[in-house]
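Summary of structural features
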Amino acid sequence: FGLPAKKPIGEVGKYASPYQQANPVNAYVPKGMTLEQFNAIQQQDVQKIQDSKDYWKTKYGTSEPLAEWLIKREKKYPGQPKAGHRYVK
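First, a word on scope: everything that follows refers to the structure included in this document. Every chain is numbered independently, its residues counted from 1 as its sequence is written. Under the rules for a predicted model, residues below a pLDDT of 70 receive no local features and side-chain atom pairs below 80 are neither given nor counted, while totals for whole chains, interfaces and linings still include all residues. Side-chain descriptors were evaluated using all non-hydrogen atoms of the structure, hydrogens and water having been removed beforehand.

Of regular secondary structure, the protein possesses 3 helices and 0 strands. Only runs of H or I of at least four residues qualify as helices and only runs of E of at least two qualify as strands under DSSP, and these elements are numbered from the N terminus. Taken from N to C terminus, the helices and strands of the protein fall in the order α-α-α. Only protein chains enter the accessibility calculation, which uses a 1.4 Å probe; a residue is then buried when its area is under 20% of its type maximum, exposed when over 50%, and partly exposed in between. Burial status across the protein gives 9% buried among its 89 residues. It only takes one pair of heavy atoms within 4.5 Å for two residues to be counted as in contact. Partitioning the contacts of the protein with sequence separation of at least 6, the portion at a separation of at least 24 is 8%. Values of accessible area rely on a 1.4 Å probe in the Shrake-Rupley scheme; residue burial ignores everything except the protein chains shown. Summed over its atoms, the accessible surface of the protein is roughly 8300 Å², and 60% of this surface lies on carbon and sulfur atoms.

In structure tokens:
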């Protein structure tokens, strides 16, 4: 189709800004940081998100079917229809 081929990673054009010429990476990197520093910060953010998900799993456990929950609740609170309320899936 006559389209130009993509440049390999790390190669910048002759009209690129001085910052792009000094940091030839085809990814966003904030000024004043190296690619390694930026990747380390991103990994910390990913780890925080995963820790948060793991926290809620350990606090509330995994979900159980409604039928199983009803059986457990009826054994624990027989004849008390509103007792033992909690959110289920």
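For arginine 73, the location among the structural elements is in helix H3 (residues 66-76). The charged-residue count follows a simple rule in which Lys and Arg add positive charge and Asp and Glu add negative charge, with His and chain termini not counted at all. What counts as a salt bridge is simple: a side-chain nitrogen of Lys or Arg found within 4 Å of a carboxyl oxygen of Asp or Glu. One buried charged residue, arginine 73, remains without a salt bridge, the closest side chain of opposite sign being glutamate 74 at 4.1 Å. If we skip the residues at most four places from it in the chain, arginine 73 touches Gln80, Pro81, Ala83 and Gly84.

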